[in-house]
Amino acid sequence: MEFEELYQEVILDHSRRPRNFGELPDADIHVHANNPMCGDDVTVHVKFAADGGLDSVFFSGNGCSICMASASMMTQKLKKKSHAESMELMRKFHEMLTAAQESEPDKRLGDLQLLKGVRKFPLRVKCATLAWHALEEALDKPLEKGASLSIEDEKD
Ligand code: ZN
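Here is a short report on the structure shown in this document. (Residues numbered from 1 in each chain as written. Predicted model: local features only at pLDDT ≥ 70, side-chain atom pairs only at ≥ 80, totals over all residues. Heavy atoms only, no water.)

With respect to the sheet that holds strand 2 (residues 40-48)
Read across the open sheet, the four strands follow the order 3-2-1-4; overall the sheet is mixed. Each edge of the sheet is formed by a strand with only one pairing partner; in this case those strands are strand 3 (54-62) and strand 4 (147-151). This sheet shows a mean twist of 20° between the axes of neighbouring strands, independent of strand direction. Relative to strand 3, strand 2 runs antiparallel, the two being bridged by eight bridges. In the strand pairing of strand 3, His45 is matched with Phe58. Taken strand by strand, helix 4 (residues 122-139) contacts strand 1 (29-35), strand 2, strand 3 and strand 4, and its axis lies near 35° from that of strand 2. (Pairing = 2+ DSSP bridges. Helix = DSSP H or I, 4+ residues; strand = E, 2+ residues; numbered from the N terminus. Axes fitted to C-alpha atoms, helices over the stretch in contact; angles between N-to-C directions. Contact = heavy atoms within 4.5 Å.)

Structure, rendered in structure tokens:
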């Protein structure tokens, strides 16, 4: 299958049937983020593991297909990851989309590598990174039980 076809198929599948979608009743933290440029509006719900890593990650809200697909794939990729692994994968994902120099994405990103083409469309990069910024904010504040945060659209 051609890269473009695979990209379309995976994005459509995740945006139509987002995984880990909905509110996580026993979440430790909820982080809301929005992207007014596109109208994407998501909340990431995180349950931490005892060691500060991620037990489960859910998301709710509405967004364009790139936003929904990226958030859906993120929740699958990062659940059960340690704090350090999560930070590393986030860094790799941002690097893939925003580094000045294009390079081969890290293989550990799995299907998320399919989003690499988004780097050519700066306005859509915000769609792809929105849920990631929310999760990053949550990881900055592990084990603040029940916290509910909101981040402004400020980073890339
Ligand atoms: Zn969008």
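So much for the structure itself; the text now carries on.
Concerning the coordination of the zinc ion
Every protein donor of the zinc ion is listed here as Cys38 (SG), Asp40 (OD), Asp40 (OD), Cys64 (SG) and Cys127 (SG), and their distances to the metal cover 2.2 to 2.6 Å. Between consecutive donors of the zinc ion, the numbers of intervening residues give the motif C-x1-D-x23-C-x62-C. Here Asp40 is found in strand 2, whereas its partner Cys64 is found in the loop between strand 3 and helix 2 (65-78), with 24 residues between them in sequence. Comparing Asp40 with Cys64, the two get one shared label, buried. (Donors = N, O, S within 2.8 Å, 3.2 Å for Na, K, Ca; no water. Buried < 20%, exposed > 50% of the residue type's maximum accessible area, 1.4 Å probe, protein only.)

A closer look at the pattern of salt bridges
Across all of its chains, the model carries nine salt bridges by this definition. The partner of Asp55 in a salt bridge is Lys80, and the shortest N-O contact between them spans 2.7 Å. Taken as a pair, Asp55 in strand 3 and Lys80 in the loop between helix 2 and helix 3 (83-98) lie far apart in primary sequence, 25 residues in all. Judged by its relative accessible area of 22%, Asp55 falls in the partly exposed class. By relative accessible area, Lys80 is classed as exposed at 59%. Through salt bridges with shared partners, a single network forms among Glu88, Arg91, Lys92, Glu95, Asp106 and Arg108. (Salt bridge = Lys/Arg side-chain N within 4 Å of Asp/Glu carboxyl O.)

Examining a negative patch on the surface
A cluster of acidic residues, Glu2, Glu4, Glu5 and Glu9, forms a negative patch at the surface. If you trace the backbone, Glu4 turns up in helix 1 (residues 3-16). (Patch = residues over 30% accessible without salt bridge, like charges linked within 9 Å, V, L, I, M, F, W, Y side chains within 5 Å. Areas by Shrake-Rupley, 256 points an atom, 1.4 Å probe, with all protein chains shown as cover. Lys, Arg positive; Asp, Glu negative; His and termini not counted. Charge placed at Lys NZ, Arg CZ, Asp CG, Glu CD.)

Remarks on the packing of aromatic side chains
Applying the stated rule across the entire model yields two aromatic pairs. Measuring from ring centre to ring centre gives 4.0 Å for Phe93 and Trp132, while their planes differ by 15°; the resulting arrangement is stacked. You can see Phe93 sitting in helix 3 and its partner Trp132 sitting in helix 4, a full 39 residues away along the chain. (Phe/Tyr/Trp six-rings, centres within 6.5 Å; stacked < 30°, edge-to-face > 60°.)

A few points about the nonpolar core
One broad trend across soluble globular proteins is that nonpolar side chains are buried collectively. Among the nonpolar cores identified, the biggest contains 44 residues, and Val44, Phe93, Leu115 and Leu135 are the most heavily contacted of them. Elements represented by at least two residues in this core include exactly helix 1, strand 1, strand 2, strand 3, helix 2, helix 3, helix 4 and strand 4. For this core, the element with the highest residue contribution is helix 4, accounting for ten residues. In contact with Phe93, other than residues within four places in its own chain, are Ser70, Leu109, Leu112, Leu115, Ala128, Thr129 and Trp132. (Core = buried A, V, L, I, M, F, W, Y, C linked by side-chain atoms within 4.5 Å.)

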